[in-house]
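Observations on the model geometry
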There are 4 protein chains.
Amino acid sequence: MSNAPYDDAFFKKNRKHTLKRVEEARKLFDKTKTFHYPTWLYGDFIGKPVTIEVEDCPRFGDTAYVELDSARTAFLSIDMQKDFCGRHGYVDVMGYDLHPTQSALKPIKNALEMVRKTDMSVIHTREGHTPDLSDAPFNKILRSKIIGDGVGIGDTPPGGMGKLLVRGEANWDIHEDVYPIPGEYIIDKAGKGAFGSSTIHMLLKNLGVTHLILSGITTDVCVQTIMREANDYGYWCILMKDGTGATDEENHASAIKSIKMQGGVFGNVTDSKRLIKALEKAFNKQ
Amino acid sequence: MSNAPYDDAFFKKNRKHTLKRVEEARKLFDKTKTFHYPTWLYGDFIGKPVTIEVEDCPRFGDTAYVELDSARTAFLSIDMQKDFCGRHGYVDVMGYDLHPTQSALKPIKNALEMVRKTDMSVIHTREGHTPDLSDAPFNKILRSKIIGDGVGIGDTPPGGMGKLLVRGEANWDIHEDVYPIPGEYIIDKAGKGAFGSSTIHMLLKNLGVTHLILSGITTDVCVQTIMREANDYGYWCILMKDGTGATDEENHASAIKSIKMQGGVFGNVTDSKRLIKALEKAFNKQ
Amino acid sequence: MSNAPYDDAFFKKNRKHTLKRVEEARKLFDKTKTFHYPTWLYGDFIGKPVTIEVEDCPRFGDTAYVELDSARTAFLSIDMQKDFCGRHGYVDVMGYDLHPTQSALKPIKNALEMVRKTDMSVIHTREGHTPDLSDAPFNKILRSKIIGDGVGIGDTPPGGMGKLLVRGEANWDIHEDVYPIPGEYIIDKAGKGAFGSSTIHMLLKNLGVTHLILSGITTDVCVQTIMREANDYGYWCILMKDGTGATDEENHASAIKSIKMQGGVFGNVTDSKRLIKALEKAFNKQ
Amino acid sequence: MSNAPYDDAFFKKNRKHTLKRVEEARKLFDKTKTFHYPTWLYGDFIGKPVTIEVEDCPRFGDTAYVELDSARTAFLSIDMQKDFCGRHGYVDVMGYDLHPTQSALKPIKNALEMVRKTDMSVIHTREGHTPDLSDAPFNKILRSKIIGDGVGIGDTPPGGMGKLLVRGEANWDIHEDVYPIPGEYIIDKAGKGAFGSSTIHMLLKNLGVTHLILSGITTDVCVQTIMREANDYGYWCILMKDGTGATDEENHASAIKSIKMQGGVFGNVTDSKRLIKALEKAFNKQ
């Protein structure tokens, strides 16, 4: 089969050019342990340079840093809805302990307090379906009904605040501790991920975002799905691990660990203290 | 804000209709422990009805069954490339033990032997980049170079067969034990997932696929990313767990476990023996 | 470059199989002038077979027919919002005559009257942005402001009902003559097209839709963009031409003509009379 | 329905902020007739500022200018394949005159000559299907076979160079007059558009592209489909009109005209002379 111009003579020029850029960044990383903000690709800083410490990078036990442009970074608070961390919400009805998901509230609240003093964007996501359930696959509703013994997506559980995972219901809304304020953004999505079922890709492009700090619940489901999608598209992703939580402790731990494999296969991991410290250094001490 | 017609009077009719369908399916599940093929949605069977046993569904310790239409089911063999399970391939260069990923070969080979006697579709995926690396995000290449001490995506390692994760290289191709044969399909993708960086959604639509059996490597990275994407779009997904493997045992176990949370948040889990048994029953008239 | 298995020996089997199917359908078309519903791909009919006459197919001057499954067909009423056909709406503010877009109202109303007696799905789309304009590209807002002499997307024009193209405003809502009724679906989209900025792909999949009848405004912008997207994904698209309209008569005519090039490069074209006639035949006369 | 926080108090802050930016840009446009490069969004220039004259903007008869960053602009040469402008190719077999599509060759060749002296990216797209036709919808193949009297996608026509619209065939490759050279990029796509069936969105993101200059064939089909998609995602699109062509003169003219409606509903229009003049001015220090 003639598959011209898939001969290497054609491709070599661009590959060499790219690998040269990468090699420069790698050598710099070896010296500084920092993923510097690539201004050659994104243009010069618009906001402030912020350097965040990340853990177990490139290998377990190591410490590294990610430099970002505050004006082109979004802090994501993923699905901090009462359905996932509140009484009579979706996760509660399914019989899971709420403490692990509720434990994300305080670190996110603390991080938001600092982030709101900067020019970083804040994006809140909500999983939920239109009240006709037309954007929910049949098997998703069915599985929830079976595990909920007849009470699933679209039903109001006994003592509940409204229909589970349905847009506009009180249980679907965001927990008051980390509630959005004017100037922040909301993305309503129909899936565990966001890129296939919302306009998050348009929002990120409209805001010029290059880096994402991810927090929210649950670690192994919605948070990691969004992180995988964003990572595949080339966004620099950093998980704020204490601002996450899951319905199962092992899955929570593994969701964090798997990010760090292969030098950061889905991005990097930090925590709220290190994030706040980095932002304070960039914004307060100048 | 007038948000008409987002009043419930408008949405109630379709929601009731859908929840009635779901409730019927749930009651049937209670009796038969089976997710029956929804012919009301997909039309009558084109191939043979196949009923596969799945584990820990809806709760850990339970057994359930998924009924599918063989002619509208695809068996996915994900990234069984030498780069992920062969000597001097990507995973090997990064310093991981190859036994866990290689352990997926035998079960997939066994499953393929049976699947090839049926009218199910077989789809092989390959992760890889064009030789100019233009479809690889800068941070992906950089991270691989750092963890590989200077040898990453696009480089040929000492003793290697070609450039790591580059299309057309020997290391990028599929392991001979599970190599595609005429009549099967190949999807080349640039990401861990497939739906955002390939034409897999067109292929599945052109084939009329409703159900997916997933196998391949690595469990927690590419396999689970594709499973999450497909599940979000409403495909019925079943992981064939013995035909998977990962670079870390805990992450492998958790990737399987997290699928089963919430009654099957990403689908269901079976193994090659149960798959083969189900296909034999359907096709060999036992 | 080794690009195995991209040799033709591998691909030939599936290509031959597909071309045999196609050749059978072509021979049948030669006899019946009908694109028959491919039950070999979609399964047997769920609703009623409906055979609609389409024009200028395969060549200008010809007449052909498309057979569809009523239960797997969606009637699309695209962007019939006051912003595009009402006083002080977006199109009016930009200085265009409203008669061409208003002319779509009657044919759609007539078609809906008949469609609502069947099991076809009805989907209404609305173009609009969240009130923070975060899903509107900067250049889109800017261009509207320039052509509107300072009044564009997000502004309330003198005498206007609300902010132009903003969700929740009276001008953004659907014209009362073709207003959705319970049992129908609504898709809110941020772009001219729908597949990249809404959950329409999930809705169509959840409904099992294979065929689309498209109507709405404007012919050359939103209607044709959605038709192009859907056609690329393999949906069978039929434009109901009298239920469309544009801001320019030539562009309207060409938008219809270009669909018919190359034997139907974007699908087929019919009108409300032929649609109603086909539905009456299928549903009333049995 | 409680749809909090969709109250305007929440959204007003960001809307006001955005509309202020837009109003500033509009006032500047009124003075300079120029869409200035938004460095507040994209960061400072990486390459050279280039100011291209565009026609009929914002109103027919007007002249305006678009300022772009050469290093973040891609020149697109769309589907300049022998299948669309060569003897015995797809368009020829369908019975269309080749002159209109061939007329695009010279202007693109001229433009490429200049563009290749700059740091702009050059991207060539090719429409085509894998040799098993698995990424071609059934109705697409069928329609081509009917209009081609039995010879369509996947068939080799009498006197032909290979299978029509199939990857790897001589007819599918790019015309020698505008053939890609090392340092340029190739996107293979299965649809008329590119964003839903290729990795073009990843390529554009990896290159940091904000502006697109579009050329190629055919004007009303592939070129305009890609322009619509890119415009919806917020890319700044400029059609180089003399470097385009179609199978029908009216459709060609309307495809260009419709872009200019509403102040530039799909972007702007220029020609090769104006593009070359702008690049010469920016790069040759005139």
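So, how was this worked out
Residues numbered from 1 in each chain as written. Chains lettered and ligands numbered in written order. Predicted model: local features only at pLDDT ≥ 70, side-chain atom pairs only at ≥ 80, totals over all residues. Heavy atoms only, no water. Least-squares fit on C-alpha atoms with pLDDT ≥ 70 in both. Salt bridge = Lys/Arg side-chain N within 4 Å of Asp/Glu carboxyl O. Helix = DSSP H or I, 4+ residues; strand = E, 2+ residues; numbered from the N terminus. Buried < 20%, exposed > 50% of the residue type's maximum accessible area, 1.4 Å probe, protein only. Pairing = 2+ DSSP bridges. Right-handed = clockwise from strand over helix to strand, strands pointing away. Core = buried A, V, L, I, M, F, W, Y, C linked by side-chain atoms within 4.5 Å. Contact = heavy atoms within 4.5 Å. Axes fitted to C-alpha atoms, helices over the stretch in contact; angles between N-to-C directions. Parallel < 35°, antiparallel > 145°, perpendicular 65-115°, else oblique. Nonpolar A, V, L, I, M, F, W, Y, C, P; charged D, E, K, R; others polar. Expected span 1.5 Å × (residues − 1). Bend = angle between axes of the 7 residues up to and from the residue. Phe/Tyr/Trp six-rings, centres within 6.5 Å; stacked < 30°, edge-to-face > 60°. Buried area = accessible area lost by both parts, 1.4 Å probe. Polar contact = N/O pair within 3.5 Å; in protein donor to acceptor, adjacent residues only side chain to side chain.

A closer look at the relation of the copies chain B and chain A
After a rotation of 180 degrees and a shift along the axis of 0.0 Å, chain B superposes on chain A with an RMSD of 0.0 Å. On this basis, the relationship between the two copies can be described by a two-fold rotation axis. Measuring from the rotation axis to each C-alpha of chain B, the shortest distance belongs to B:S254, at 3.2 Å.

A word on the pattern of salt bridges
One pass over the full model with this rule turns up 103 salt bridges over all chains. For A:R59, the salt bridge goes to B:D149, with nearest N and O atoms at 3.5 Å. Taken as a pair, A:R59 in the loop between β2 (49-55) and β3 (63-69) and B:D149 in the loop between α7 (138-147) and β6 (185-189) lie in two separate chains rather than in one. By relative accessible area, A:R59 is classed as partly exposed at 35%. For B:D149, a relative accessible area of 58% puts it in the exposed group. Across the pair D:R87 and D:D92 runs a salt bridge, and its minimum N-O distance is 3.7 Å. Residues joined in a network through salt bridges with shared partners are A:E53, A:E55, A:D56, A:K241, A:K260, A:D271 and A:R274.

Things to note about the pairing of strand β8 (residues 236-245) of chain C
All names here are of chain C. The element β8 is extensively covered by neighbouring structure, given that eight of its ten residues are classed as buried. Where strand β7 (residues 211-217) and β8 come together, six bridges link them in parallel fashion. Note that in β8 the partner of L212 across the bridge is C237. What joins β7 to β8 is helix α9 (residues 219-232), and the crossover it makes is right-handed. Relative to strand β9 (residues 268-270), β8 runs parallel, the two sharing three bridges. From the neighbouring strand, M240 faces β9, where its bridge partner is T270. Taken together, β8, helix α10 (residues 249-260) and β9 form a β-α-β motif whose crossover is right-handed.

Details of the nonpolar core
One finds C:F75, C:L212, D:F75 and D:L212 to be the most contacted residues of the largest nonpolar core, which totals 175 residues. Residue contacts for C:L212: discarding those within four places in its chain leaves C:A74, C:L76, C:L204, C:A230, C:Y235, C:W236, C:C237 and C:I238. In this structure, A:V54, A:I226, B:F195 and B:L203 belong to the second largest nonpolar core, which totals 174 residues.

Concerning the packing of helix α6 (residues 105-115) of chain C against helix α11 (residues 272-283) of chain C
All names here are of chain C. The geometry of α6 relative to α11 is characterised by a closest axis approach of 10 Å and an angle of 10 degrees between their N-to-C directions. With respect to each other, α6 and α11 are oriented roughly parallel. From α6, P107, N110, A111, M114 and V115 reach across to α11, where they touch S272, L275, I276, L279, E280 and F283. In terms of residue class, the contact of α6 with α11 is built from eight nonpolar, two polar and one charged.

What about the sheet that holds strand β6 (residues 185-189) of chain D?
The strands that make up a sheet are held in pairs by hydrogen bonds between backbone atoms, and each pair lies either parallel or antiparallel. Residue and element names in this part refer to chain D. Read across the sheet, six strands follow the order β6-β5-β4-β7-β8-β9 without closing on themselves; strand pairing throughout is parallel. Looking at strand neighbours, the two that pair on one side only are β6 and β9 (268-270), the edges of this open sheet. Neighbour to neighbour, the strand axes of the sheet diverge by 25 degrees on average, direction disregarded. Taken strand by strand, helix α11 (residues 272-283) contacts β4 (73-78), β7 (211-217), β8 (236-245) and β9, and its axis lies near 125 degrees from that of β8.

Remarks on helix α1 (residues 8-32) of chain A
The terminal C-alpha atoms of α1(A) lie 34 Å apart, and with 25 residues this matches the ideal 36 Å at 1.5 Å per residue to within 8%. Within α1(A), the axis deviates most sharply at A:N14, by approximately 25 degrees. Along α1(A), the positions that sit buried rather than exposed are A:F10, A:F11, A:N14, A:R15, A:T18, A:L19, A:V22, A:E23, A:A25, A:R26 and A:F29. Check the buried side of α1(A) and you find it contacts β1 (34-35) and β3 of chain A, α7 of chain B together with β6 of chain D. Downstream of α1(A) by one or two residues, A:K33 has phi in the positive range, about 55 degrees.

Remarks on the packing of aromatic side chains
Counted by the stated rule, this structure contains 40 aromatic pairs over all chains. On the numbers, 5.2 Å between centres and 45 degrees between planes, the contact of A:Y37 with A:Y42 is tilted. The exposure class of A:Y37 is buried, given its relative accessible area of 5%. Under the relative-accessibility criterion, A:Y42 is labelled buried at 11%. On the basis of an interplanar angle of 45 degrees and a centroid distance of 6.3 Å, the ring pair of C:F195 and C:Y235 is categorised as tilted. Of the two residues, C:F195 is situated in the loop between β6 (185-189) and α8 (200-207) and C:Y235 in the loop between α9 and β8; the sequence distance between them amounts to 40 residues. For the pair C:F195 and C:Y235, one class covers both residues: buried. Put simply, the rings of A:F29, A:F35, A:W40, A:W236 and B:F138 touch in pairs and so form one group of aromatic residues.

Quick word on the interface of chain C and chain D
Counting residues at the interface gives 71 residues for chain C and 71 residues for chain D. Here chain C meets chain D over a buried area of about 6600 Å², counting both sides, of which 61% is carbon and sulfur. A per-residue breakdown of the area chain C buries against chain D is headed by C:F138, C:R143 and C:Q262, which together make up 13% of the total. Summed over the shared surface of chain C and chain D, the result is eight salt bridges. Run the count over chain C and chain D and you get 32 residue pairs in polar contact (both at pLDDT 80 or more). At the level of elements, α1 (8-32), α7 (138-147), α9, β8 and α10 of chain C are the ones that each hand at least two residues to the side of chain C that touches chain D. No other element matches α1(C), which puts twelve residues into the side of chain C that touches chain D.

Some details on the interface of chain B and chain A
Facing the 71 residues of chain B at the interface are 71 residues of chain A. Taking both partners together, chain B and chain A bury about 6600 Å²; carbon and sulfur atoms supply 61% of that area. Together, B:F138, B:R143 and B:Q262 form the three largest contributors to the area buried by chain B at its contact with chain A, with a combined 13%. The tally of links between chain B and chain A comes to eight salt bridges. The interface formed by chain B and chain A includes 32 residue pairs in polar contact (both at pLDDT 80 or more). Every element with two or more residues in the side of chain B that touches chain A is listed here: α1 (8-32), α7, α9 (219-232), β8 (236-245) and α10 (249-260) of chain B.

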